[in-house]
Amino acid sequence: MIGYCCIACAKTQAADFDGFVCPACGNNLDIIYDYAAAAAAFTQKLGSQPVDIFDYAELLPVVTESAFPLRIGATPLYAATALGEFLGLTNLYLKDESGNPSASIKDRASAIAVQRAIDTGADIVATASTGNAGSSLACLSAALGVRAVVFVPETAPAAKLTQLLSYGARVLAVRGSYDDCFDLCMTACEEFGWFNRNTGHNPFTREGKKTCAYEIWRAFGGELPDRIVVATGDGNIISGIWKGCRDLQAAGLAARLPRIDAAQSVDSAAISHSVHRLREARSDTTDWTGVEVDKVAADTIADSIAVDEPRDGLAAVRAVIESGGEAVTVPDAEILDAIPLMSRLAGVFPEPAAAAALAAVKRMRASGTIDATERVVCVVTGNGLKDTGSAARAAGHPTVIEPRIESVRTLLPRILS
Ligand SMILES: Cc1ncc(COP(=O)(O)O)c(C=O)c1O
Ligand SMILES: [Zn+2]
């Protein structure tokens, strides 16, 4: 790590900078590295099996001296042949993040952020969360021996709240939205001196999530796919994945960059609105100073992507525009339908936000935006068990029977149909 670079005004800071955001304009920061030094080490990894995100130590901002207590990353990339066939795609892949310790991609960010907190001497780490960032912080804090304080909307799905409590976090269930939680966590961290893991605001979160792109590159033998489709709320996952791709390019390891597509709910679409507005208004998209990102009043069943004011919004908008990707919005009904679709045709059970990415793939294929042979990676950002209430709405009901074989016989035509 050699320093920081502002997402908006490109002003740089040295590696010993101890703030989180750009002192010149207040926007979020990217971390920059000595890419030439990483190139050879990354090429060597191509022939070996992935272990975890610390395989990519050369391009990470933290150092782990002993073995990390949990396995973060090294998640599978599945060829989703039957699902692809159904959608008219011959090269569809699912990057299944549900096998991370707390069952979402957020563990990549929390691992790096908690390690950074420990490196800077903090023993309390706080975050605002729709549920996953918090349960992930709680999980990593438990494993690494620091205390976690999590601000979460009281309406978060029960499984996420239960995860948070089980891992031993101090859970503050806020009577308000995720955006209220975010602002409250900012104030609390300032007042009480806690290490702030807030998504996007903390530059180390994007650095964790970018490892997902490195793994995709490695799984394809040192190439990036044509598209990566990502469910988007704050915009930190999508900008992290784009950062990973750009790191690989900077190190001379990726000849071609993918398009990065944002999948949002129609009713929580701040980043999509911004992308469309900026694409219409701007011919020159290289100067991002002062560029504003839209705000909305979010309302979607996909709680993880229900965001009024995206906290990594500019970085996300840049990811879509600079990569030539799409910003796709899908209604809640299509998000719900995508849960059993992915589950039945690929054996991967997504939470609603993760299903939104598949719903976006379906739309883009139906409209001809994606060609049949494009290599498309849909990131399954969180596990379906995190919100079974929503999944149940699309899954149907079991058939209740008496414990007698006659009942099965009677139902046989229906069972086998
Ligand atoms: C499962 C899942 N998918 C997608 C997202 C959206 O990520 P971001 O807010 O960084 O855009 C989240 C964030 O909470 C999530 O938990
Ligand atoms: Zn700046």
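From a predicted model like this one, the values you see are computed outputs, not experimental measurements.

> Please give an account of the overall build of the protein chain that cites residues and values.
Looking only at helices and strands, the protein chain features 15 helices and 13 strands. In summary, the protein chain has a C-alpha radius of gyration of 21 Å against a globular reference of 22 Å for 417 residues, a match within 12%. Viewed in the frame of its principal axes, the protein chain has a C-alpha envelope of about 75 × 45 × 45 Å. When the 417 residues of the protein chain are sorted by exposure, 53% land in the buried category. Sequence separation of at least 24 residues holds for 72% of the intrachain contacts in the protein chain that already meet a minimum separation of 6.

> Describe helix H12 (residues 332–346), with residues and values.
A rise of 1.5 Å per residue sets the reference length of H12, with its 15 residues, at 21 Å; its end C-alpha atoms lie 21 Å apart and thus fit the reference within 8%. Within the span of H12, buried status applies to Asp 332, Ile 335, Leu 336, Ala 338, Ile 339, Leu 341, Met 342 and Ala 346. In the segment just after H12, Gly 347 is the residue with positive phi, at about 75°.

> If you had to explain the nonpolar core to someone new, which residues and values would you point to?
Membership of the largest hydrophobic core comes to 126 residues, with the highest contact counts inside it found for Val 230, Ala 263, Ala 356, Ala 357 and Cys 378. Top element by residues in this core is helix H13 (residues 352–366). It accounts for 10 residues.

> Mind laying out unusual backbone geometry, listing which residues take part and the relevant values?
In terms of backbone geometry, most residues other than glycine have negative phi values and most peptide bonds are trans. Within the chain, Ala 74 stands out as a residue other than glycine whose phi angle is a positive 55°. For Ala 74, the position within the fold is in the loop between helix H1 (35–45) and strand S4 (77–79). Given 17 C-beta atoms within 10 Å, Ala 74 falls into the partly exposed group. Despite not being glycine, Ala 103 shows a phi value in the positive range, around 75°. Of note, Ala 103 is situated in the loop between strand S5 (92–96) and helix H3 (106–119). Residue classification places Ala 103 among the buried residues on the basis of 23 C-beta atoms within 10 Å.

> Please give an account of the site of ligand 1 that cites residues and values.
Within the structure, ligand 1 sits among 21 residues, and Gly 233, Asp 234, Asn 236, Thr 381 and Gly 382 are positioned closest to it. Taken together, the elements giving at least two residues each to the shell around ligand 1 come down to helix H4 (132–144), helix H9 (236–250) and H13. Of all the elements, H9 adds the most residues to the shell around ligand 1, at three residues. Among the residues forming the shell around ligand 1, the class breakdown is seven nonpolar, 11 polar and three charged.

> Just give me the short version of the sheet that holds strand S3 (residues 29–32), but keep the residues and values in it.
The strand order S2-S1-S3 describes an open sheet built from three strands, whose pairing is antiparallel. Edge positions in the open sheet fall to strand S2 (12–14) and S3, since each of these has one partner strand only. With strand direction ignored, the average angle separating the axes of adjacent strands in the sheet is 25°. Sheet topology places strand S1 (residues 3–6) next to S3; four bridges connect them, and they run antiparallel.

> Break down the sheet that holds strand S9 (residues 195–196) for me, with residues and values.
Overall, parallel pairing links the four strands, which are arranged S8-S7-S6-S9 in an open sheet. Here the strands that pair on one side only, and so sit at the sheet edges, are strand S8 (170–174) and S9. The pairing of strand S7 (residues 147–153) with S8 spans five bridges and is parallel. Residue Phe 151 lies in a different strand from S8, and its bridge partner there is Leu 172. Across the sheet, helix H6 (residues 178–192) touches strand S6 (124–128), S7, S8 and S9, and the angle it forms with S6 is around 155°.

> Kindly report on the packing of H4 against helix H5 (residues 158–166), identifying the contributing residues and their values.
As a packed pair, H4 and H5 sit with axes 8 Å apart at the nearest point and diverge in direction by 20°. In this view, H4 runs roughly parallel relative to H5, as classed from their interaxial angle. The way H4 lies across H5 gives a crossing that is left-handed. Every residue of H5 that contacts H4 at Asn 132, Gly 134, Ser 135 and Ala 138 is listed here: Lys 160, Gln 163 and Leu 164.

> Please give an account of the environment of Ala 392 that cites residues and values.
Mapped onto the fold, Ala 392 is located in helix H14 (residues 388–395). Taking C-alpha positions, Ala 392 is 9.6 Å from Ile 339, a pair spaced 53 residues apart along the chain.

> An account of the pairing of strand S10 (residues 227–231) is requested, with residue identities and associated values reported.
Among the five residues that make up S10, five are buried, leaving the element largely enclosed by the rest of the structure. In S10, alternate side chains face the same way, and those of Arg 227, Val 229 and Ala 231 on one face and Ile 228 and Val 230 on the other are all buried. Where S10 lies against strand S11 (residues 259–265), five bridges are found, and the strand directions are parallel. Bridging from a neighbouring strand, Val 230 pairs with Ala 262 of S11. What joins S10 to S11 is H9, and the crossover it makes is right-handed. The pairing of S10 with strand S13 (residues 376–380) spans three bridges and is parallel. From the neighbouring strand, Val 229 faces S13, where its bridge partner is Cys 378.

Thresholds applied
- Residues numbered from 1 in each chain as written.
- Chains lettered and ligands numbered in written order.
- Predicted model: local features only at pLDDT ≥ 70, side-chain atom pairs only at ≥ 80, totals over all residues.
- Helix = DSSP H or I, 4+ residues; strand = E, 2+ residues; numbered from the N terminus.
- Rg over C-alpha atoms; globule rule 2.2 N^0.38 Å.
- Buried ≥ 20, exposed ≤ 12 C-beta atoms within 10 Å, placed from the backbone.
- Contact = placed C-beta atoms within 7 Å.
- Expected span 1.5 Å × (residues − 1).
- Core = buried A, V, L, I, M, F, W, Y, C linked by C-beta atoms within 7 Å.
- Near = placed C-beta within 6 Å.
- Nonpolar A, V, L, I, M, F, W, Y, C, P; charged D, E, K, R; others polar.
- Pairing = 2+ DSSP bridges.
- Axes fitted to C-alpha atoms, helices over the stretch in contact; angles between N-to-C directions.
- Parallel < 35°, antiparallel > 145°, perpendicular 65-115°, else oblique.
- Left-handed = near helix turned anticlockwise from the far one by under 90°.
- Right-handed = clockwise from strand over helix to strand, strands pointing away.

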